[in-house]
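Inside the fold
Given next are the chains, with one letter for each unit.
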Amino acid sequence: MRAALNGRLRQIPVGAVWLGGLIPLALLVWDAVAGGLGVDPIRDIEHRLGRTALYFLIASLAVTPLLRITGLSLVRFRRALGLLCFTYAGLHVLAWAVMDMALMWGAMGRDVVKRPYLVFGMTAFLMLVVLAVTSNDVSIRRMGAAAWRRLHKLAYVAAPLVALHWIWALKTFPLEPGLWLAAILLLLGLRAAVPRPIRWNIAQAQK
């Protein structure tokens with residue numbers, strides 16, 4: 001069963017992940033054109049882009065625990081998931097800078113300094129920029145696999161920061177982002193608790 005599922009997963013082109021990953025953006029554009037964004041459209045655009053970025057970041061973090069625990073390999077899709085996360089995070093920041101702050105750089109700087117949730121968000125975004133820029137085979141060859149893996153552990157820091165950015169921005173502790181923060185901590189805990197595959201051959205699963 002496991003081998004059959006991995007065989008089916010290998011038949012899925014990575015491009016299909018990109019096409020599926022762009023559906024939330026297409027729906028957002030549709031809602032914006034059709035006037036379906038509610039009373040505060042700028043806020044809705046920012047929040048939907050930010051939430052989608054977090055979802056893809058969590059999906060990328062889930063790849064390794066899923067492989068170690070179940071033997072199912074989504075490793076070939078992890079780069080696409082990470083880059084989709086960065087795409088939505090970049091659009092989230094761009095929407096804030098252009099539509100919310102009107103590119104008033106001084107006001108943006110002051111806002112970031114005085115609002116902790118923006119500090120969390122910008123710190124996480126800078127980490128995602130580093131991860132996206134080095135998410136290619138050329139960077140792996142230049143840095144060496146070990147150094148590249150160490151650098152990409154920044155994702156383990158960025159993910160909780162993004163969740164805290166969401167929670168703190170709402171000035172309460174709402175259920176949804178709290179659950180996503182719990183999911184992130186669970187995934188990070190599983191990575192530490194299950195350092196090797198439980199019973200599956202990881203090399204075989206990645207073929």
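Data block above holds the structure.
Model, not experiment: these values are computed from the prediction. (Residues numbered from 1 in each chain as written. Predicted model: local features only at pLDDT ≥ 70, side-chain atom pairs only at ≥ 80, totals over all residues. Heavy atoms only, no water.)

Focus on the layout of surface pockets
Approximately 970 Å³ is the volume attributed to the largest pocket. If you trace the largest pocket, you find 33 residues lining it, with Thr64, Arg78, Trp148, Arg149 and His152 closest to the centre. Counting only elements with at least two residues in the lining of the largest pocket, the list comes to α4 (41–70), α5 (75–100), α7 (116–133), α9 (145–151), α10 (154–169) and α12 (202–206). Among the elements that take part in the lining of the largest pocket, α5 stands out by supplying 7 residues, more than any other. The calculated volume of the second largest pocket comes to roughly 650 Å³. As for the second largest pocket, its lining consists of 31 residues, and the residues nearest its centre are Glu46, His47, His92, Tyr117 and His165. (1 Å grid on protein atoms, 1.4 Å probe; cavity = no way out; pocket = protein on both sides within 12 Å on 5 of 7 lines; lining within 4 Å. Points joined across faces, edges and corners; volume = space filled by probe spheres on them. Helix = DSSP H or I, 4+ residues; strand = E, 2+ residues; numbered from the N terminus.)

Some remarks on helix α11 (residues 175–193)
Working note: α-helix, 3.6 residues per turn, so residues spaced by three or four point in the same direction. Taking 1.5 Å per residue, 19 residues should reach 27 Å; α11 reaches 26 Å between its end C-alpha atoms and fits that length. Buried within α11 we find Pro177, Gly178, Leu181, Ile184, Leu187 and Arg191. Next to the buried residues of α11 lie α4 and α10. (Expected span 1.5 Å × (residues − 1). Buried < 20%, exposed > 50% of the residue type's maximum accessible area, 1.4 Å probe, protein only. Contact = heavy atoms within 4.5 Å.)

Overview of the nonpolar core
Grouped together as the largest cluster of nonpolar side chains are 37 residues, with contacts concentrated most on Leu128 and Ile184. If you list the elements that add at least two residues to this core, you get α4, α5, α7, α10 and α11. Beyond its immediate chain neighbours, meaning those up to four positions away, Leu128 contacts Leu57, Cys85, Phe86, Ala89 and Ala158. Formed by 7 residues, the second largest nonpolar core is a distinct cluster that contains Trp96, Met101, Val112 and Leu118. (Core = buried A, V, L, I, M, F, W, Y, C linked by side-chain atoms within 4.5 Å.)

Any link to function would need more than the numbers given here.
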